[in-house]
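Architecture at a glance
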Amino acid sequence: MTTTRNVSLSVLLLLVSLALWEGIVRAFDVPVFILPPPSKVAVALYRGLASGLYVTHLRVTLVETLLGFAAGSALGFLLGTAVAMNRYVDYFLYPYIVMFQSLPKVALAPLIVIWFGLGLSSKVINAALVAFFPLLVNTMVGLRSADEDRISLMRSLAASDRQIFWMLRLPNALPFVMAGLDIAMIFALIGAIVAEFVGATSGLGMLIQSMNFTMDVSGQFSVLLILSVVGLVLNRAILLVRRRVLFWDPSEKSAEAPEVEMAQPHRAPAGAPKERPT
Amino acid sequence: MQDSGVEAISISNLTKQYASRAGAVTALDRISFGVAEGEFVAVVGPSGCGKSTLLKILAGLLATTSGEARLRGTPIAGPRRDIGVVFQSPVLFPWRSVLDNALLPVDIQGLGRERYEKVAMDLLALVGLTGFEHRYPWELSGGMQQRVAITRALVHDPAMLLMDEPFGALDAMTREHMNLELQRIWLEKRKTVLFITHSIPEAVFLGDRVLVMTPRPGRILEDVAVSLPRPRRLEVVNTPEFGQYAREIRGRFSVQGGLDG
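Residues numbered from 1 in each chain as written. Chains lettered and ligands numbered in written order. Predicted model: local features only at pLDDT ≥ 70, side-chain atom pairs only at ≥ 80, totals over all residues.

1. A few points about the sheet that holds strand S3 (residues 40-44) of chain B
Residues and elements named next belong to chain B. Read from one edge of the open sheet, 6 strands run S6-S7-S8-S3-S9-S10, paired in mixed fashion. Two strands bound the open sheet, and with one partner strand each, they are strand S6 (83-86) and strand S10 (219-225). Pairs of neighbouring strands in the sheet enclose a mean axial angle of 15°, with direction left out of account. (Pairing = 2+ DSSP bridges. Helix = DSSP H or I, 4+ residues; strand = E, 2+ residues; numbered from the N terminus. Axes fitted to C-alpha atoms, helices over the stretch in contact; angles between N-to-C directions.)

2. Section: helix H8 (residues 161-198) of chain A
All names here are of chain A. A rise of 1.5 Å per residue sets the reference length of H8, with its 38 residues, at 56 Å; its end C-alpha atoms lie only 47 Å apart and thus fall more than 12% short of the reference. Leu174 marks where H8 bends most, by close to 40°; the proline Pro175 follows one to four residues later. Among the 38 residues of H8, 27 are classified as buried, and the element is accordingly described as predominantly covered. (Expected span 1.5 Å × (residues − 1). Bend = angle between axes of the 7 residues up to and from the residue. Buried ≥ 20, exposed ≤ 12 C-beta atoms within 10 Å, placed from the backbone.)

3. Some thoughts on the interface of chain B and chain A
With 19 residues of chain B in contact, the opposing surface of chain A contributes 15 residues. For the side of chain B that touches chain A, the element with the most residues is helix H3 (residues 104-108) of chain B, which contributes 3 residues. A breakdown of the residues in the side of chain B that touches chain A according to their chemical character gives 13 nonpolar, 3 polar and 3 charged. (Contact = placed C-beta atoms within 7 Å. Nonpolar A, V, L, I, M, F, W, Y, C, P; charged D, E, K, R; others polar.)

4. Here we look at the pairing of strand S2 (residues 23-35) of chain B
As paired strands, strand S1 (residues 9-20) of chain B and S2(B) are joined by 9 bridges and run antiparallel to one another. Residue pairing for S2(B): Ser20(B) is matched across the bridge by Gly23(B).

5. Structural notes on helix H10 (residues 217-245) of chain A
All names here are of chain A. When the terminal C-alpha atoms of H10 are compared, their 42 Å separation across 29 residues agrees well with the 42 Å that a helix rising 1.5 Å per residue should span. For H10, the full list of buried residues reads Ser218, Gly219, Gln220, Phe221, Ser222, Val223 and Arg242. Lining the buried residues of H10 we find helix H2 (38-50), H8 and helix H9 (204-213).

6. Points about the environment of Pro75(B)
Along the chain, the position of Pro75(B) falls in strand S5 (residues 74-75). It is 9.9 Å that separates the C-alpha atoms of Pro75(B) and Leu58(B), two residues lying 17 residues apart in sequence.

7. Some points on the packing of helix H7 (residues 148-156) of chain A against H8(A)
Residue and element names in this part refer to chain A. Relative to each other, H7 and H8 sit at 135°, their axes nearing to 11 Å. With respect to H8, the element H7 is oriented oblique. In terms of crossing hand, the pair formed by H7 and H8 is right-handed. On the side of H7, the interface is formed by Arg150, Ile151 and Met154, while H8 contributes Gln163, Ile164, Met167 and Leu168. Of the residues assigned to the contact of H7 with H8, the class counts are 5 nonpolar, 1 polar and 1 charged. (Parallel < 35°, antiparallel > 145°, perpendicular 65-115°, else oblique. Left-handed = near helix turned anticlockwise from the far one by under 90°.)

Shape descriptors only; they carry no functional weight alone.
In structure tokens form, the structure reads like this:
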């Protein structure tokens with residue numbers, strides 16, 4: 001697919017769309033606070049970057065996202081392991097976890113900002129809360145989906161439960177865990193931005209919010225552009241790690257890019273059970 | 001070889017019942033047999049005759065309902081370290097290389113990789129996989145994967161091999177070839193082998209003895225000693241003696257109502 005011809009075609013398509021956008025906005029005299037032309041967005045982007053304003057706020061959002069991602073995935077992984085491996089945890093805790101998941105967690109952001117303040121911690125906590133569930137579910141399903149024959153083989157060699165966990169269940173769960181990390185990364189970014197909307201002193205979300213008050217729509221567009229690039233880069237970073245870790249997984253070779261399903265909180269690898277077995 | 005003191009496998013009056021919604025199902029009904037040290041015994045029978053149940057009991061993966069099963073004189077109380085099992089599918093771990101797959105028992109039993117890596121390499125050479133040590137399972141054909149499984153079953157030098165239709169998933173040509181290979185390996189290693197199959201020619205070709213089983217409830221119908229000279233070549237299947245054994249066993253099944261496969 002990636003030929004010189006295709007690349008130039010896709011660049012051409014982009015340029016034509018931008019020209020069309022610019023032309024329509026000018027021809028119909030659309031007010032700049034409704035839809036700014038690409039040229040104005042480009043100017044805003046340049047000013048924001050040149051003044052160092054965007055970089056400062058980007059750094060804040062990035063730190064919040066990465067910390068939230070790390071904390072949320074670690075917690076999700078550990079809890080997922082506990083639920084998968086211990087039937088008491090499964091029985092007593094899992095129903096509450098599901099209840100918590102059915103709650104749209106961004107709705108908690110105002111409370112979290114009240115509890116943890118306008119600074120870094122409330123953003124990290126919100127990002128972690130949103131990022132945690134995909135890891136929990138995927139880890140759980142991955143650990144439980146270990147092949148029966150492989151378990152029998154290990155048992156026939158007198159393997160302990162601990163050995164079955166480390167040598168079989170855990171590596172077997174990795175494709176699921178990596179798919180969970182993929183989603184958790186994007187979710188963490190969403191969590192951080194939403195918490196910034198609610199109350200923050202810095203960050204790209206806060207910047208969008210304040211631009212909204214001043215009707216600086218070109219500015220907002222330029223920040224959105226930065227956010228989408230950030231999302232893409234984070235996603236690619238996970239993909240790179242995933243390719244390395246899952247070199248043995250045949251589904252990795254066919255998957256060109258992981259699709260992020262926003263409608264579903266989690267995604268299991270192809271052929272794997274989507275939901276926990278009942 | 002028959003009278004080397006303690007038998008490798010001795011089964012007496014073994015019964016296994018499963019609970020099911022319709023009541024208890026008898027998978028094995030008071031079966032008794034013995035296998036001498038170093039002997040190759042093939043178990044042949046149709047699906048549902050309890051062959052796999054028998055193997056799982058010997059592997060220590062299933063408990064008996066009544067009767068006794070002993071390996072080298074001691075009752076089976078769970079999985080043991082002195083047996084190697086080969087299942088119908090290779091059951092390899094995709095994240096382990098061929099060599100690492102072969103070393104799985106060594107890792108599990110903490111035997112020390114330094115010493116056993118050489119053993120595994122020699123075994124891989126024996127099964128004809130030299131040069132593939134650092135490949136991964138998905139890079140191998142089905143027959144090659146099953147060779148890795150055989151290597152893995154032998155690496156910790158177990159006293160006996162339990163094989164549950166190990167070549168059942170292979171195509172006919174590969175299967176014949178694997179039968180020859182297995183005979184060659186067995187002649188070199190002289191392990192006690194219990195080989196489960198539903199192919200009569202395979203059983204006669206490989207076994208010193210063939211145990212014929214019937215289904216529902218699983219019983220041992222006959223114990224046929226096969227005295228064809230070794231090493232047996234593939235052409236042996238065309239000899240009158242081979243045909244005689246095969247007919248004798250097949251005749252048993254036609255009385256009982258047929259054999260699939």
